[in-house]
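One-letter residues, chain by chain:
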Amino acid sequence: MPLFDTHAHLEDEQLAPLLEDVLSNARQAELVGITAIGTTVQSSRDCLALASKHSMVWAAVGIHPNHCKESTEEDWSAIQHLASDPEVVAIGETGLDRHWDYCPIEIQKTWFARHIELSFETQKPLVIHMRDCESDILSMLEAHQRNGQILGIMHSFAGQWETARRCLEMGMYISFAGMVTFKKSDELREISKRIPADRILVETDSPYLSPHPHRGTRPNQPCMVEHTARCIAESRGISFQEVGETTTANAQRVFGLLTQ
Ligand SMILES: [Zn+2]
């Protein structure tokens, strides 16, 4: 049964030293793809190097909202350059974060807008981080959409249904991470049931937030995406097989891997 982890920080210091094991565990869990997500220029370069080396790995390049403050114009040129590589299948991790006070929100918005433009230029989807800022994200996306569309993924979604609904309306994908498996996440499971079958994705956001029943175990790693897929199968009342096939096909479509 195929599975695709659409969001893993494989270059993170918790995972990088274990990479051979991490990838072999992923293959054993029948993963067919992993998107390694950059958060700075250096980590974006590292993700691209992993993607070039391992056939199951793809890369996303960008500057995470929590790293905007120290990023420079040269950094942005580097991201634009990296974005044109064929192994790069997405733009991000970008978005907004009002939870951690690492960077003034106006600076975050400037960088988010740049990523949105780059996504249109490259025709590669955005990978969007949203923390305590649903209305800011929606107004940015709705202000920058073209013909009512944004090509993008709401990563590790933990927002309200209304936010998901408006993102879906713009043609976006909604990705669920380990949080959906937690006991207290009934509301999020309800939302996951309402996502159309052709727009739902699964991810680990590893090395963070291991899914139930491995909650608290570190590091989280791509093979654990199976638990999130099983949880979604249970809430939607469909088989694990079906969730694996659907979410994998969606991942391959959004990352443009079907035509390659
Ligand atoms: Zn992330």
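Preceding block: the structure.
Residues numbered from 1 in each chain as written. Predicted model: local features only at pLDDT ≥ 70, side-chain atom pairs only at ≥ 80, totals over all residues. Heavy atoms only, no water.

*Asks:* When you look at the pairing of strand S3 (residues 57-61) in this model, what are you seeing that I'm missing?
*Replies:* Regular strands show a simple pattern: their side chains alternate between the two faces of the sheet. Counted residue by residue, S3 has 5 buried out of 5 residues, so it is predominantly covered. Burial along S3 is two-sided: Val-57, Ala-59 and Val-61 and Trp-58 and Ala-60, pointing in opposite directions, are all buried. As paired strands, strand S2 (residues 31-37) and S3 are joined by 4 bridges and run parallel to one another. Note on S3: the bridge partner recorded for Ile-34 is Val-57. Of the strand pairs in this sheet, S3 and strand S4 (residues 88-97) are connected by 3 bridges, and their pairing is parallel. Bridging across to S4, Ala-60 finds its partner in Ala-90. (Buried < 20%, exposed > 50% of the residue type's maximum accessible area, 1.4 Å probe, protein only. Helix = DSSP H or I, 4+ residues; strand = E, 2+ residues; numbered from the N terminus. Pairing = 2+ DSSP bridges.)

*Asks:* Sorry, what's going on with the side chain of Arg-199 here?
*Replies:* Along the chain, Arg-199 falls in the loop between helix H7 (186-194) and strand S8 (200-202). Although Arg-199 is buried, it makes no salt bridge; Asp-198 carries the closest opposite charge, 4.1 Å away. Sequence-distant contacts of Arg-199, defined by excluding residues within four places in its chain, comprise Leu-168, Gly-171, Met-172, Tyr-173, Ile-174 and Asn-250. (Lys, Arg positive; Asp, Glu negative; His and termini not counted. Salt bridge = Lys/Arg side-chain N within 4 Å of Asp/Glu carboxyl O. Contact = heavy atoms within 4.5 Å.)

*Asks:* Just to check I follow, could you spell out helix H1 (residues 19-28) for this structure?
*Replies:* Every α-helix carries 3.6 residues per turn, so stepping three or four residues along brings you back to the same face. Among all positions in H1, only Leu-19, Val-22, Leu-23 and Ala-26 are buried. Across the axial projection of H1, the buried residues extend over an arc of 95°, all falling on one side. For H1, the exposed residues set more than 90 degrees away from the buried face come down to Glu-20, Asp-21 and Gln-28. Immediately beyond the C-terminal end of H1, within one or two residues, lies Glu-30, with a positive phi of roughly 65°. (Arc of directions from axis to C-beta.)

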